[in-house]
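A structural walkthrough
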Amino acid sequence: MCLNNKPTLTSKIILTTLYAIIFPVSLLGNSLVLYVVYRRRSMRNALNLLIVNMAVADLIVTVLIMPYSTGYIFVKHRWFGGLFGDLMCRAVHFSLTTSIAASVFTMSVMTVDRFVAIAFVWKRSLTLGKSKIILAIIWVLSLACMAINLYVYRVGYSNDSYWCYPDWLPAFDNETSPKIFNKIVFVALYLLPLLLMAVLYAVICYKLWQKSYFENSGAGGCNHVDSSKKRVVKMLITIVISFGLCWLPLHVSHYYINYELHTYLCWPPWLKLGSFWLGHSNSALNPCIYVYFNKTFRRAFMDALHLTRGRQGTFTRATGQYETNYSAVKQDSLKENSLSAIQKSLRWLRGRESYRRLRAWSQRSYYPGSPNMNDKSLSQENSNDEIIVVEKLSVL
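Residues numbered from 1 in each chain as written. Predicted model: local features only at pLDDT ≥ 70, side-chain atom pairs only at ≥ 80, totals over all residues. Heavy atoms only, no water.

Our focus in this paragraph is empty space enclosed by the protein. Empty space left among the atoms is revealed by rolling a probe the size of a water molecule over them. Summed over all chains, the structure comprises 1 cavity of 30 Å³ or more. Within this model, the largest cavity holds a volume of roughly 60 Å³. Surrounding the largest cavity, Asp58, Val61, Ser99, Ile100, Ser103, Phe243, Trp247, Asn282 and Ser283 form its lining. If you list the elements that add at least two residues to the lining of the largest cavity, you get α2 (46–75), α3 (82–119), α8 (222–259) and α10 (269–293). (1 Å grid on protein atoms, 1.4 Å probe; cavity = no way out; pocket = protein on both sides within 12 Å on 5 of 7 lines; lining within 4 Å. Points joined across faces, edges and corners; volume = space filled by probe spheres on them. Helix = DSSP H or I, 4+ residues; strand = E, 2+ residues; numbered from the N terminus.)

If you trace the backbone, serine 281 turns up in helix α10. The exposure class assigned to serine 281 is buried, which follows from its relative accessible area of 6%. Apart from the residues lying within four places of it in its own chain, the contact partners of serine 281 are Ile22 and Cys246. (Buried < 20%, exposed > 50% of the residue type's maximum accessible area, 1.4 Å probe, protein only. Contact = heavy atoms within 4.5 Å.)

Okay, the sheet that holds strand β3 (residues 161–166) next. Pairing is antiparallel in the open sheet, where 3 strands are placed in the order β1-β3-β2. Each end of this open sheet is capped by a strand with a single partner; those strands are β1 (78–79) and β2 (153–158). Two strands pair when backbone bridges link them, and β2 and β3 are joined in this way by 6 bridges, in the antiparallel orientation. Within β3, the position partnered with valine 155 by the bridge is cysteine 164. The strands that α3 touches are β1, β2 and β3; relative to β2, the one it contacts most, it runs at about 135°. (Pairing = 2+ DSSP bridges. Axes fitted to C-alpha atoms, helices over the stretch in contact; angles between N-to-C directions.)

On their own, these measurements won't tell you what the molecule is for.
Below, the structure written as C-alpha coordinates:
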(Lines give C-alpha, C1' and ligand atoms only; values in the text may rest on other atoms or scores of the structure.)
Protein backbone atom coordinates (compact mmCIF):
# COMPACT_ATOMS: atom_id res chain seq x y z
CA MET A 1 0.00 0.00 0.00
CA CYS A 2 1.09 3.57 -0.74
CA LEU A 3 0.14 5.18 2.57
CA ASN A 4 3.05 7.65 2.54
CA ASN A 5 2.18 9.04 -0.86
CA LYS A 6 1.91 12.67 0.26
CA PRO A 7 1.82 15.78 -1.98
CA THR A 8 5.08 17.66 -2.34
CA LEU A 9 5.46 21.34 -1.60
CA THR A 10 5.69 22.08 -5.34
CA SER A 11 2.39 20.35 -6.09
CA LYS A 12 0.73 22.22 -3.21
CA ILE A 13 1.93 25.57 -4.55
CA ILE A 14 0.80 24.75 -8.09
CA LEU A 15 -2.67 23.62 -7.00
CA THR A 16 -3.08 26.64 -4.73
CA THR A 17 -2.12 28.91 -7.62
CA LEU A 18 -4.66 27.19 -9.87
CA TYR A 19 -7.39 27.75 -7.30
CA ALA A 20 -6.27 31.37 -6.98
CA ILE A 21 -6.88 31.73 -10.73
CA ILE A 22 -10.32 30.14 -11.02
CA PHE A 23 -11.74 31.63 -7.79
CA PRO A 24 -11.85 35.31 -8.90
CA VAL A 25 -12.89 34.35 -12.44
CA SER A 26 -15.80 32.29 -11.16
CA LEU A 27 -16.81 34.83 -8.50
CA LEU A 28 -16.73 37.81 -10.86
CA GLY A 29 -18.17 36.03 -13.90
CA ASN A 30 -21.14 34.40 -12.19
CA SER A 31 -21.87 37.52 -10.15
CA LEU A 32 -21.99 39.53 -13.38
CA VAL A 33 -24.46 37.04 -14.84
CA LEU A 34 -26.82 37.71 -11.92
CA TYR A 35 -26.22 41.46 -12.13
CA VAL A 36 -26.86 41.97 -15.84
CA VAL A 37 -30.00 39.82 -15.91
CA TYR A 38 -31.34 41.64 -12.85
CA ARG A 39 -30.59 45.12 -14.23
CA ARG A 40 -31.76 44.55 -17.82
CA ARG A 41 -35.41 43.74 -18.42
CA SER A 42 -34.70 42.75 -22.02
CA MET A 43 -32.58 39.85 -20.77
CA ARG A 44 -35.24 38.41 -18.48
CA ASN A 45 -36.37 35.46 -20.58
CA ALA A 46 -36.72 31.76 -19.84
CA LEU A 47 -33.29 30.73 -21.17
CA ASN A 48 -31.42 33.46 -19.32
CA LEU A 49 -33.28 32.60 -16.12
CA LEU A 50 -31.99 29.03 -16.43
CA ILE A 51 -28.49 30.41 -17.00
CA VAL A 52 -28.92 32.48 -13.83
CA ASN A 53 -29.81 29.30 -11.98
CA MET A 54 -26.57 27.67 -13.14
CA ALA A 55 -24.68 30.80 -12.05
CA VAL A 56 -26.20 30.49 -8.56
CA ALA A 57 -25.07 26.85 -8.37
CA ASP A 58 -21.59 27.84 -9.56
CA LEU A 59 -21.41 30.60 -6.94
CA ILE A 60 -22.18 28.05 -4.22
CA VAL A 61 -19.22 25.99 -5.41
CA THR A 62 -17.06 29.12 -5.56
CA VAL A 63 -17.87 30.52 -2.12
CA LEU A 64 -18.06 27.29 -0.09
CA ILE A 65 -16.19 24.54 -1.93
CA MET A 66 -13.14 26.24 -3.43
CA PRO A 67 -11.86 27.64 -0.09
CA TYR A 68 -12.44 24.25 1.55
CA SER A 69 -10.58 22.43 -1.25
CA THR A 70 -7.66 24.85 -1.01
CA GLY A 71 -7.39 24.17 2.71
CA TYR A 72 -7.71 20.44 2.09
CA ILE A 73 -4.46 20.54 0.11
CA PHE A 74 -2.60 21.40 3.32
CA VAL A 75 -4.64 19.95 6.22
CA LYS A 76 -6.79 17.28 4.51
CA HIS A 77 -9.72 16.19 6.72
CA ARG A 78 -8.67 18.19 9.80
CA TRP A 79 -11.50 20.38 11.04
CA PHE A 80 -12.59 22.41 14.07
CA GLY A 81 -14.96 21.41 16.81
CA GLY A 82 -18.11 22.82 18.30
CA LEU A 83 -21.60 23.21 16.91
CA PHE A 84 -20.44 25.59 14.18
CA GLY A 85 -17.77 23.14 13.07
CA ASP A 86 -20.30 20.31 12.82
CA LEU A 87 -22.73 22.48 10.85
CA MET A 88 -20.03 23.64 8.43
CA CYS A 89 -18.78 20.08 7.90
CA ARG A 90 -22.25 18.98 6.83
CA ALA A 91 -23.03 22.17 4.88
CA VAL A 92 -19.87 22.11 2.73
CA HIS A 93 -20.34 18.56 1.46
CA PHE A 94 -24.10 18.96 1.14
CA SER A 95 -23.80 22.18 -0.88
CA LEU A 96 -21.29 20.67 -3.32
CA THR A 97 -23.47 17.73 -4.27
CA THR A 98 -26.63 19.87 -4.30
CA SER A 99 -25.11 22.45 -6.66
CA ILE A 100 -23.97 19.68 -9.02
CA ALA A 101 -27.46 18.18 -9.06
CA ALA A 102 -29.02 21.59 -9.71
CA SER A 103 -26.63 22.22 -12.61
CA VAL A 104 -27.43 18.84 -14.19
CA PHE A 105 -31.18 19.34 -13.87
CA THR A 106 -30.91 22.88 -15.28
CA MET A 107 -28.89 21.74 -18.31
CA SER A 108 -31.44 18.99 -18.95
CA VAL A 109 -34.30 21.51 -18.89
CA MET A 110 -32.44 23.83 -21.27
CA THR A 111 -31.82 20.94 -23.65
CA VAL A 112 -35.46 19.83 -23.67
CA ASP A 113 -36.60 23.44 -24.15
CA ARG A 114 -34.33 23.93 -27.19
CA PHE A 115 -35.43 20.57 -28.58
CA VAL A 116 -39.11 21.50 -28.37
CA ALA A 117 -38.48 24.97 -29.81
CA ILE A 118 -36.57 23.63 -32.85
CA ALA A 119 -37.96 20.15 -33.51
CA PHE A 120 -41.59 21.16 -32.88
CA VAL A 121 -41.75 24.67 -34.30
CA TRP A 122 -45.46 25.23 -33.70
CA LYS A 123 -45.35 24.27 -30.02
CA ARG A 124 -44.88 27.02 -27.50
CA SER A 125 -41.47 26.99 -25.82
CA LEU A 126 -40.79 27.58 -22.14
CA THR A 127 -42.22 30.84 -20.78
CA LEU A 128 -40.82 33.03 -18.02
CA GLY A 129 -43.57 32.07 -15.57
CA LYS A 130 -43.20 28.34 -16.16
CA SER A 131 -39.41 28.59 -15.91
CA LYS A 132 -39.72 30.03 -12.38
CA ILE A 133 -41.84 27.07 -11.33
CA ILE A 134 -39.36 24.66 -12.92
CA LEU A 135 -36.46 26.30 -11.07
CA ALA A 136 -38.25 25.79 -7.77
CA ILE A 137 -38.79 22.12 -8.64
CA ILE A 138 -35.10 21.78 -9.61
CA TRP A 139 -33.89 23.00 -6.22
CA VAL A 140 -36.42 20.92 -4.29
CA LEU A 141 -35.28 17.79 -6.16
CA SER A 142 -31.61 18.66 -5.68
CA LEU A 143 -32.02 19.23 -1.95
CA ALA A 144 -34.01 16.02 -1.56
CA CYS A 145 -31.53 13.91 -3.54
CA MET A 146 -28.52 15.09 -1.53
CA ALA A 147 -30.09 15.42 1.92
CA ILE A 148 -28.38 12.16 2.91
CA ASN A 149 -25.09 14.07 3.16
CA LEU A 150 -26.47 16.04 6.08
CA TYR A 151 -26.64 12.77 7.99
CA VAL A 152 -23.48 11.11 6.72
CA TYR A 153 -20.88 13.83 7.35
CA ARG A 154 -19.93 14.65 10.93
CA VAL A 155 -17.06 15.90 13.10
CA GLY A 156 -15.06 13.52 15.28
CA TYR A 157 -12.10 13.87 17.64
CA SER A 158 -9.07 11.61 17.25
CA ASN A 159 -5.27 11.92 17.59
CA ASP A 160 -5.54 15.34 19.23
CA SER A 161 -7.43 16.80 16.23
CA TYR A 162 -10.95 17.27 14.96
CA TRP A 163 -11.84 15.55 11.68
CA CYS A 164 -14.67 16.03 9.16
CA TYR A 165 -15.42 12.60 7.71
CA PRO A 166 -18.32 10.47 6.37
CA ASP A 167 -19.88 7.85 8.64
CA TRP A 168 -22.97 5.94 7.47
CA LEU A 169 -23.58 4.25 10.82
CA PRO A 170 -25.88 3.46 12.54
CA ALA A 171 -28.69 3.79 9.98
CA PHE A 172 -26.62 2.40 7.10
CA ASP A 173 -23.58 0.26 6.43
CA ASN A 174 -20.15 1.79 5.87
CA GLU A 175 -19.16 -0.92 3.38
CA THR A 176 -22.03 -1.12 0.89
CA SER A 177 -23.95 2.15 1.37
CA PRO A 178 -21.27 4.46 -0.13
CA LYS A 179 -20.99 2.21 -3.18
CA ILE A 180 -24.75 2.17 -3.77
CA PHE A 181 -25.00 5.94 -3.30
CA ASN A 182 -22.15 6.69 -5.71
CA LYS A 183 -23.67 4.35 -8.31
CA ILE A 184 -26.99 6.18 -8.10
CA VAL A 185 -25.31 9.58 -8.34
CA PHE A 186 -23.20 8.55 -11.33
CA VAL A 187 -26.12 7.07 -13.27
CA ALA A 188 -28.81 9.61 -12.35
CA LEU A 189 -26.73 12.81 -12.35
CA TYR A 190 -24.07 12.07 -14.96
CA LEU A 191 -24.54 9.13 -17.32
CA LEU A 192 -28.28 9.29 -18.11
CA PRO A 193 -28.52 13.12 -18.38
CA LEU A 194 -25.49 13.28 -20.69
CA LEU A 195 -26.90 10.50 -22.89
CA LEU A 196 -30.27 12.25 -23.04
CA MET A 197 -28.67 15.59 -23.92
CA ALA A 198 -26.43 13.95 -26.54
CA VAL A 199 -29.42 12.39 -28.33
CA LEU A 200 -31.53 15.56 -28.21
CA TYR A 201 -28.69 17.79 -29.41
CA ALA A 202 -28.00 15.36 -32.25
CA VAL A 203 -31.61 15.79 -33.40
CA ILE A 204 -31.38 19.58 -32.95
CA CYS A 205 -28.20 19.78 -35.04
CA TYR A 206 -29.77 17.62 -37.72
CA LYS A 207 -32.76 19.96 -37.89
CA LEU A 208 -30.70 23.14 -37.98
CA TRP A 209 -27.87 22.12 -40.27
CA GLN A 210 -29.70 19.90 -42.72
CA LYS A 211 -30.04 21.64 -46.07
CA SER A 212 -33.55 20.36 -46.71
CA TYR A 213 -34.70 21.87 -43.43
CA PHE A 214 -33.78 25.36 -44.64
CA GLU A 215 -35.44 24.76 -47.99
CA ASN A 216 -38.69 23.58 -46.40
CA SER A 217 -38.66 26.42 -43.87
CA GLY A 218 -38.37 29.09 -46.55
CA ALA A 219 -35.55 31.41 -47.54
CA GLY A 220 -34.70 35.03 -46.96
CA GLY A 221 -35.70 36.49 -43.59
CA CYS A 222 -35.68 33.09 -41.91
CA ASN A 223 -31.90 32.77 -42.16
CA HIS A 224 -31.11 35.25 -39.40
CA VAL A 225 -33.48 33.39 -37.05
CA ASP A 226 -31.74 30.08 -37.79
CA SER A 227 -28.36 31.72 -37.26
CA SER A 228 -29.45 32.93 -33.82
CA LYS A 229 -30.70 29.45 -32.92
CA LYS A 230 -27.37 27.98 -34.03
CA ARG A 231 -25.44 30.27 -31.72
CA VAL A 232 -27.63 29.33 -28.76
CA VAL A 233 -27.31 25.61 -29.52
CA LYS A 234 -23.52 25.88 -29.88
CA MET A 235 -23.32 27.62 -26.51
CA LEU A 236 -25.46 24.98 -24.77
CA ILE A 237 -23.55 22.09 -26.36
CA THR A 238 -20.27 23.63 -25.20
CA ILE A 239 -21.66 23.96 -21.66
CA VAL A 240 -22.67 20.30 -21.62
CA ILE A 241 -19.32 19.09 -23.04
CA SER A 242 -17.43 21.25 -20.56
CA PHE A 243 -19.45 19.84 -17.67
CA GLY A 244 -18.94 16.24 -18.82
CA LEU A 245 -15.18 16.58 -19.26
CA CYS A 246 -14.57 18.53 -16.06
CA TRP A 247 -16.47 16.17 -13.75
CA LEU A 248 -15.48 12.87 -15.40
CA PRO A 249 -12.11 12.50 -13.55
CA LEU A 250 -13.87 12.98 -10.21
CA HIS A 251 -16.38 10.22 -11.00
CA VAL A 252 -13.46 7.96 -11.95
CA SER A 253 -11.79 8.81 -8.63
CA HIS A 254 -14.94 7.87 -6.72
CA TYR A 255 -15.04 4.54 -8.53
CA TYR A 256 -11.48 3.72 -7.45
CA ILE A 257 -12.15 4.93 -3.90
CA ASN A 258 -15.10 2.54 -3.55
CA TYR A 259 -13.85 -0.45 -5.55
CA GLU A 260 -10.06 -0.15 -6.01
CA LEU A 261 -8.87 1.68 -2.91
CA HIS A 262 -5.38 0.19 -3.00
CA THR A 263 -4.87 1.48 -6.54
CA TYR A 264 -6.26 4.90 -5.65
CA LEU A 265 -3.89 5.31 -2.72
CA CYS A 266 -0.96 4.78 -5.10
CA TRP A 267 -2.04 7.55 -7.46
CA PRO A 268 0.22 10.62 -7.57
CA PRO A 269 -1.09 13.27 -5.16
CA TRP A 270 -1.37 15.86 -7.92
CA LEU A 271 -3.68 13.52 -9.84
CA LYS A 272 -6.03 12.97 -6.90
CA LEU A 273 -6.19 16.65 -5.98
CA GLY A 274 -6.19 17.77 -9.61
CA SER A 275 -9.39 15.83 -10.34
CA PHE A 276 -11.17 17.93 -7.72
CA TRP A 277 -9.73 21.15 -9.13
CA LEU A 278 -10.84 20.25 -12.65
CA GLY A 279 -14.41 19.67 -11.49
CA HIS A 280 -14.46 22.98 -9.62
CA SER A 281 -12.97 24.82 -12.61
CA ASN A 282 -16.21 24.19 -14.48
CA SER A 283 -17.78 26.96 -12.39
CA ALA A 284 -15.23 29.41 -13.84
CA LEU A 285 -15.60 28.15 -17.41
CA ASN A 286 -19.37 28.63 -17.64
CA PRO A 287 -19.44 32.48 -17.55
CA CYS A 288 -16.58 32.52 -20.08
CA ILE A 289 -18.72 30.36 -22.39
CA TYR A 290 -21.68 32.74 -22.01
CA VAL A 291 -19.53 35.72 -22.97
CA TYR A 292 -17.88 33.97 -25.92
CA PHE A 293 -21.05 32.69 -27.60
CA ASN A 294 -23.68 35.25 -26.56
CA LYS A 295 -23.30 38.79 -27.88
CA THR A 296 -25.95 40.11 -25.50
CA PHE A 297 -24.08 38.83 -22.46
CA ARG A 298 -20.81 40.12 -23.88
CA ARG A 299 -22.16 43.65 -24.34
CA ALA A 300 -23.88 43.57 -20.95
CA PHE A 301 -20.64 42.49 -19.26
CA MET A 302 -18.76 45.29 -20.99
CA ASP A 303 -21.33 47.85 -19.85
CA ALA A 304 -21.30 46.50 -16.28
CA LEU A 305 -17.50 46.82 -16.19
CA HIS A 306 -17.71 50.25 -17.90
CA LEU A 307 -15.84 48.93 -20.91
CA THR A 308 -16.73 49.72 -24.50
CA ARG A 309 -15.23 48.71 -27.81
CA GLY A 310 -13.51 51.56 -29.57
CA ARG A 311 -13.52 52.19 -33.30
CA GLN A 312 -10.21 50.41 -33.78
CA GLY A 313 -11.47 47.28 -31.98
CA THR A 314 -9.62 47.93 -28.69
CA PHE A 315 -11.16 48.12 -25.23
CA THR A 316 -11.15 51.51 -23.50
CA ARG A 317 -12.49 52.80 -20.19
CA ALA A 318 -15.80 54.58 -20.88
CA THR A 319 -16.31 57.87 -19.07
CA GLY A 320 -18.37 61.02 -19.46
CA GLN A 321 -19.29 62.15 -22.96
CA TYR A 322 -17.91 59.04 -24.65
CA GLU A 323 -20.39 56.87 -22.75
CA THR A 324 -23.25 59.09 -23.96
CA ASN A 325 -22.07 58.81 -27.55
CA TYR A 326 -21.85 55.04 -27.18
CA SER A 327 -25.49 54.93 -26.03
CA ALA A 328 -26.54 56.91 -29.08
CA VAL A 329 -24.63 54.56 -31.34
CA LYS A 330 -26.39 51.60 -29.71
CA GLN A 331 -29.80 53.22 -30.29
CA ASP A 332 -29.05 53.86 -33.96
CA SER A 333 -27.78 50.32 -34.38
CA LEU A 334 -30.90 48.94 -32.72
CA LYS A 335 -33.14 50.92 -35.07
CA GLU A 336 -31.20 49.74 -38.13
CA ASN A 337 -31.39 46.13 -36.98
CA SER A 338 -35.14 46.43 -36.38
CA LEU A 339 -35.74 47.89 -39.84
CA SER A 340 -33.59 45.21 -41.45
CA ALA A 341 -35.42 42.43 -39.59
CA ILE A 342 -38.83 43.80 -40.67
CA GLN A 343 -37.72 44.05 -44.29
CA LYS A 344 -36.38 40.49 -44.30
CA SER A 345 -39.54 39.14 -42.68
CA LEU A 346 -41.78 40.90 -45.20
CA ARG A 347 -39.71 39.62 -48.11
CA TRP A 348 -39.93 36.11 -46.69
CA LEU A 349 -43.71 36.33 -46.34
CA ARG A 350 -44.08 37.85 -49.80
CA GLY A 351 -42.03 35.08 -51.37
CA ARG A 352 -43.96 32.16 -49.93
CA GLU A 353 -46.27 30.42 -52.39
CA SER A 354 -48.72 29.50 -49.64
CA TYR A 355 -49.03 33.14 -48.62
CA ARG A 356 -49.88 34.25 -52.18
CA ARG A 357 -52.50 31.52 -52.55
CA LEU A 358 -54.06 32.40 -49.20
CA ARG A 359 -54.35 36.06 -50.17
CA ALA A 360 -55.92 35.22 -53.52
CA TRP A 361 -58.36 32.78 -51.91
CA SER A 362 -59.38 35.30 -49.24
CA GLN A 363 -60.07 37.95 -51.88
CA ARG A 364 -62.31 35.59 -53.85
CA SER A 365 -64.11 34.33 -50.73
CA TYR A 366 -64.95 37.63 -49.08
CA TYR A 367 -65.33 39.68 -52.26
CA PRO A 368 -66.96 37.38 -54.85
CA GLY A 369 -67.42 40.19 -57.33
CA SER A 370 -63.81 41.31 -57.30
CA PRO A 371 -61.42 40.24 -60.06
CA ASN A 372 -58.88 37.45 -59.43
CA MET A 373 -55.59 38.63 -58.05
CA ASN A 374 -52.45 37.56 -59.84
CA ASP A 375 -48.90 37.35 -58.60
CA LYS A 376 -47.97 40.75 -59.97
CA SER A 377 -50.72 42.61 -58.12
CA LEU A 378 -49.92 40.71 -54.91
CA SER A 379 -46.25 41.56 -55.23
CA GLN A 380 -47.07 45.24 -55.73
CA GLU A 381 -49.43 45.29 -52.76
CA ASN A 382 -46.89 43.56 -50.48
CA SER A 383 -44.25 46.03 -51.61
CA ASN A 384 -46.53 48.91 -50.62
CA ASP A 385 -47.15 47.27 -47.24
CA GLU A 386 -43.41 47.02 -46.72
CA ILE A 387 -42.87 50.71 -47.54
CA ILE A 388 -45.61 51.77 -45.11
CA VAL A 389 -44.22 49.66 -42.25
CA VAL A 390 -40.66 50.88 -42.82
CA GLU A 391 -41.78 54.52 -42.94
CA LYS A 392 -43.64 54.13 -39.65
CA LEU A 393 -40.60 52.58 -37.97
CA SER A 394 -38.28 55.26 -39.25
CA VAL A 395 -40.31 57.88 -37.39
CA LEU A 396 -39.75 56.14 -34.01
